[in-house]
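# Examining the three-dimensional arrangement
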Amino acid sequence: MRQSYTAVVERANPLSGEFATEPYETGWAREAVIFVKVREEPGDNVELRARVQISPDGIDWVDEGTTFPAIRRRGVYFVKVSNFGNWLRLAGRVTDPGAKIRALVYIALKE
Amino acid sequence: MDDLRRALLRADPRLSKFQPLSNIIFYDDFDEGLCGWTELIGNYEDSLEQVTDYPEAMDSRPPMLSSLTMHDTGTAGSFHGTYALKIATRARCGHLAKALKRITFRKKARVQCELYFTFKPEGAELKLGERDVRAIGVSYDLQDEACRYWPAIRFLNAEAGARIEKWQYHAGGTRLPHLDGWEDVPDGQQPLCYNEIATKQNWHYLRWLIDLRSREYLELQCNDRAWSLSGRAHAPLKAYPNLRTLFNVGFWVEAEVDKRCFLYVDSVLVSTEE
């Protein structure tokens, strides 16, 4: 049976401004689905833009190339990634500088 | 039977590094996965923002499987194998990250927790960071027919910018996750092998024995030192609904500075007696 594990890498802090989730080690996994669950309507003209980042050491980060479509409404969104090495995180920006978006970010990993 | 059992334990390199009581409740080697270890969270109702208990535990961070991969030397691996359980704080002074495993007990008896662990701050600064981790600890959350109690031990590594390096036990306190109520283990000073740069990590052995009948601490051992804790206990709390025979085991790490701090556990064995 293949191992799998889902980590909730953001829940407590609303997303705002320029953000990046905490580093998460994923070296054991072959594939990942990253979910963003926006719990409340973000507000008029507020947009969440997010992209996947990888890292050789958990310290310095580089864009992996996968991006979410612009998120403007409450709902569940996802991207799929593979061949990501030992670390994953989600980086992004909330376009209205004063806005806060209540969201959960999940990394669903599988061997 | 005892001789046969001892021989079998000694013949298995995974188990021979432990000294279990007669019945192994669980043995988690994190090369096999997260084994039921998950993030601590406070209680809430109706929404995540409506916190009813333990507000300090609402951001305890998800545990992960780490290969201890460093920016300078790559993967170190764990004590035995490749992966260890990793608990990581945010880069914020005072932040506490905690993971736990939730089971139940079936007999009030002596219980022993053994683990191999190491801790370090994130290596981004290229400094040793020996005063960056405030504390690491091991805890139980227990409830019998009469009361709930929170025995815990911690290694207080640094505080108020100073290196402390001593063991403490949880004597009272009501704030999960173990933010108050600490007392020193008598003669509990112990400089641990911390090594010379942030990316070199040495593993440590910990053994901690308690008694579910008397609700008392019994013994603590780390590497070459052992202490009797007889007669000491965590002041019991009232029994809570829905928790009879609760047996949660937790590991945590607390940051002393605005830097991510990591606790790694290679493997853990919890045992009890007939």
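One can find the structure itself at the top, above this paragraph.
Here's what I pulled together on the structure shown here. (Residues numbered from 1 in each chain as written. Chains lettered and ligands numbered in written order. Predicted model: local features only at pLDDT ≥ 70, side-chain atom pairs only at ≥ 80, totals over all residues. Heavy atoms only, no water.)

## Things to note about the interface of chain B and chain A
Facing the 31 residues of chain B at the interface are 24 residues of chain A. Approximately 2,100 Å² of surface area, both sides summed, lies buried where chain B meets chain A, with 48% of it carried by carbon and sulfur atoms. Its largest share of buried area at the contact with chain A, chain B owes to B:Glu49, B:Met64 and B:Arg90, together 22% of the area lost on that side. At the junction of chain B with chain A, the criterion picks out seven salt bridges. In this structure, B:Glu39 and A:Arg11 form a salt bridge, with 2.7 Å as the shortest nitrogen-oxygen distance. Summed over the shared surface of chain B and chain A, the number is 14 residue pairs in polar contact (both at pLDDT 80 or more). Residue assignment for the side of chain B that touches chain A shows that the elements contributing at least two residues are β2 (38–39), β4 (47–53) and β5 (64–66) of chain B. Residue contributions to the side of chain B that touches chain A peak at three residues, all from β5(B). (Contact = heavy atoms within 4.5 Å. Buried area = accessible area lost by both parts, 1.4 Å probe. Salt bridge = Lys/Arg side-chain N within 4 Å of Asp/Glu carboxyl O. Polar contact = N/O pair within 3.5 Å; in protein donor to acceptor, adjacent residues only side chain to side chain. Helix = DSSP H or I, 4+ residues; strand = E, 2+ residues; numbered from the N terminus.)

## Some remarks on the pattern of salt bridges
Going through the model one piece at a time under the given rule, you end up with 34 salt bridges over all chains. Salt-bridge contacts for B:Glu219 lead to B:Arg207; the nearest nitrogen and oxygen are separated by 3.0 Å. Placement of the pair is B:Glu219 in strand β17 (residues 216–222) and B:Arg207 in strand β16 (residues 204–211), with a sequence separation of 12 residues. Given a relative accessible area of 32%, B:Glu219 falls into the partly exposed group. By sharing partners, the salt bridges in this structure join A:Glu10, A:Glu22, B:Asp59, B:Arg61, B:Arg90, B:Glu122 and B:Arg260 into a single network. (Buried < 20%, exposed > 50% of the residue type's maximum accessible area, 1.4 Å probe, protein only.)

## Observations regarding the side chain of A:Thr66
Residues and elements named next belong to chain A. Mapping Thr66 onto the fold places it in strand β6 (residues 62–67). For Thr66, a relative accessible area of 18% corresponds to the buried category. Here the side chain of Thr66 touches Glu64 through a polar contact of 2.5 Å, side chain to side chain. Ignoring any residue separated from it by four or fewer positions in sequence, one finds Thr66 in contact with Arg51, Val52, Val79, Lys80 and Val81.

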